[in-house]
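# Observations on the model geometry
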Amino acid sequence: GEDVEQSLFLSVREGDSSVINCTYTDSSSTYLYWYKQEPGAGLQLLTYIFSNMDMKQDQRLTVLLNKKDKHLSLRIADTQTGDSAIYFCVETGDFGNEKLTFGTGTRLTIIP
Amino acid sequence: DAGVIQSPRHEVTEMGQEVTLRCKPISGHNSLFWYRQTMMRGLELLIYFNNNVPIDDSGMPEDRFSAKMPNASFSTLKIQPSEPRDSAVYFCASSLLGGDLGYTFGSGTRLTVV
């Protein structure tokens, strides 16, 4: 069955880098996403990586994909208080937007 | 576009009462999803529609839950009768199959059943 696993909590000092890890099971995933949920809000698509890529960089965000190990990570450089949120790792099937499978979410806490 | 619109934002009801949650997807999107989020179980897919037709309702907890999508611009999730364990945040999301990546989520309805 499909299962996406993440650590539940991560605490990082302001200004340091945050690294959130994820393992997934569906090798047919065309895309892998990271969603962000701020307190009291819905989920927003933060970034994504296509399955034939190893790395994607977008400003302070770096996504690394190890397809062999089915491992995905999200690195946030120079973590700020506004980065406090829950981050969800998401796998897809053959399409990029049909029946996504969400991980448990990692709650990122920033230490001043 | 105003995004996915859910109402109400908050609902407090007594056990046994009927609760109806509403969702207006983004215009032009052809898929709609209902999720439930709790601390214990995380984010759970309840049901999803494609072109107004229910495709997968295997996540609906029990017969007390029902969902409809009478047209492309409106969906409801109904709980009758409600129970305290139904307390959660319910999210609606929509997408265009083959279009932009991922889903667009609404802001959610926080349901409290006392």
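The structure we're discussing is the one just above.
These numbers come from a predicted model, not from an experiment.

About the criteria used
- Residues numbered from 1 in each chain as written.
- Chains lettered and ligands numbered in written order.
- Predicted model: local features only at pLDDT ≥ 70, side-chain atom pairs only at ≥ 80, totals over all residues.
- Heavy atoms only, no water.
- Core = buried A, V, L, I, M, F, W, Y, C linked by side-chain atoms within 4.5 Å.
- Buried < 20%, exposed > 50% of the residue type's maximum accessible area, 1.4 Å probe, protein only.
- Helix = DSSP H or I, 4+ residues; strand = E, 2+ residues; numbered from the N terminus.
- Phe/Tyr/Trp six-rings, centres within 6.5 Å; stacked < 30°, edge-to-face > 60°.
- Disulfide = S-S within 2.5 Å.
- Contact = heavy atoms within 4.5 Å.
- Buried area = accessible area lost by both parts, 1.4 Å probe.
- Salt bridge = Lys/Arg side-chain N within 4 Å of Asp/Glu carboxyl O.
- Polar contact = N/O pair within 3.5 Å; in protein donor to acceptor, adjacent residues only side chain to side chain.

Once that is clear, we can look at the nonpolar core. B:Trp34, B:Leu77 and B:Tyr90 are the most contacted members of the largest nonpolar core, which has 21 residues in total. For this core, the secondary structure elements donating two or more residues are strand E3 (19–24), strand E4 (31–38), strand E5 (42–50), strand E7 (65–71), strand E8 (74–79), strand E9 (88–95) and strand E11 (109–113) of chain B.

A separate point is the packing of aromatic side chains. Considering all chains together, one arrives at 17 aromatic pairs over all chains under this definition. Considering the side-chain rings of A:Tyr33 and A:Tyr35, the 6.1 Å spacing of their centres and the 85° angle between planes classify their relative orientation as edge-to-face. The exposure class of A:Tyr33 is buried, given its relative accessible area of 0%. Relative to B:Tyr35, the ring of A:Phe102 has its centre 5.4 Å away and its plane inclined at 80°; by these criteria the two rings are edge-to-face.

On to the state of the cysteines, then. All names here are of chain A. Under the counting rule described, the total for this entry stands at 2 disulfides over all chains. With a sulfur-sulfur separation of 2.0 Å, Cys22 is cross-linked through a disulfide to Cys89. A torsion of -65° about the S-S bond marks the disulfide between Cys22 and Cys89 as left-handed. With a gap of 67 residues between them, Cys22 in strand E3 (residues 18–23) and Cys89 in strand E9 (residues 85–91) connect regions that are remote in the sequence.

Quick look at the interface of chain A and chain B now. Listed by partner, the interface residues are 19 residues for chain A and 22 residues for chain B. With both sides pooled, the region where chain A packs onto chain B buries about 1,600 Å², and carbon together with sulfur makes up 58% of that total. There are 0 salt bridges connecting chain A and chain B. Counting across the interface, chain A meets chain B through 4 residue pairs in polar contact (both at pLDDT 80 or more). Listing elements by their share of the side of chain A that touches chain B, those giving two or more residues are strand E4 (31–37) and strand E5 (43–50) of chain A.

On to the environment of B:Asn30. One can find B:Asn30 in the loop between E3 and E4. Considering only alpha carbons, one finds B:Asn30 and B:Ile79, 49 residues apart in sequence, at a separation of 24 Å.

Let us look at the pattern of salt bridges. According to the stated counting rule, one finds 11 salt bridges over all chains in the structure shown. Residue A:Lys68 pairs with A:Asp69 through a salt bridge whose shortest N-O separation is 3.6 Å. The class for A:Lys68 is exposed, based on a relative accessible area of 73%. Linking B:Arg85 and B:Glu83 is a salt bridge whose minimum nitrogen-to-oxygen distance equals 2.6 Å. When its relative accessible area of 55% is taken as the criterion, B:Arg85 is described as exposed. Members of the salt-bridge network, linked through shared partners, are B:Glu62, B:Arg64, B:Glu83, B:Arg85 and B:Asp86.

From the geometry alone we can't say anything about function, so treat these as descriptive.
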